[in-house]
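Observations on the three-dimensional arrangement
Here is what each chain is made of, one letter per residue.
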Amino acid sequence: MVLAMLTVLSLAGCGKFTCDLCSQEKSGKKHTETVMGQKMTICNDCYKGLEDLADSLGF
Ligand SMILES: [Zn+2]
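Below, the structure is looked at part by part.

Cut-offs and rules
Residues numbered from 1 in each chain as written. Predicted model: local features only at pLDDT ≥ 70, side-chain atom pairs only at ≥ 80, totals over all residues. Helix = DSSP H or I, 4+ residues; strand = E, 2+ residues; numbered from the N terminus. Expected span 1.5 Å × (residues − 1). Buried ≥ 20, exposed ≤ 12 C-beta atoms within 10 Å, placed from the backbone. Pairing = 2+ DSSP bridges. Contact = placed C-beta atoms within 7 Å.

We now examine helix H2 (residues 44-57). The end-to-end C-alpha distance of H2, which contains 14 residues, comes to 20 Å, matching closely the 20 Å that a straight helix rising 1.5 Å per residue would cover. Little of H2 sits inside the fold, with 1 of its 14 residues counted as buried. A positive backbone phi angle near 85° is found at Gly58, which sits one or two residues after H2.

For strand S3 (residues 30-35), a buried count of 0 out of 6 residues is recorded, marking the element as mostly open to its surroundings. Counting the residues between successive antiparallel strands, the hairpin from S3 to strand S4 (residues 38-43) contains 2 residues, one of them, Met36, with a positive phi of roughly 50°.

In this fold, Cys22 is placed in the loop between strand S1 (17-18) and strand S2 (25-26). Under the C-beta neighbour-count criterion, Cys22 is labelled partly exposed, with 13 such atoms within 10 Å. Considered as a pair, Cys22 and Ile42 are 20 residues apart in the sequence and their alpha carbons are 8.3 Å apart. Those residues in contact with Cys22 that lie beyond four places of it in its chain are Cys43 and Cys46.

Here we take up the environment of Lys16. Secondary-structure assignment places Lys16 in the loop between helix H1 (2-14) and S1. Distance from Lys16 to Lys29, taken between C-alpha atoms, is 9.6 Å for residues 13 residues apart in sequence. Every residue in contact with Lys16, bar those within four places of it in the chain, is listed here: Glu25, Lys26 and Ser27.

Put into structure tokens, the structure is as follows:
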């Protein structure tokens, strides 16, 4: 029972997700961004890339 609860907690906490930008399965920090009206799940690596892109574009 305790084990099952821990599993559920870890899944809710930092489970794996598929990044919408690089299409890779990632674990760790997950960013949810709305890009052009579409909700996207973005991994930390791509998120950093997006921030750099936004910086260079002057947003
Ligand atoms: Zn990614």
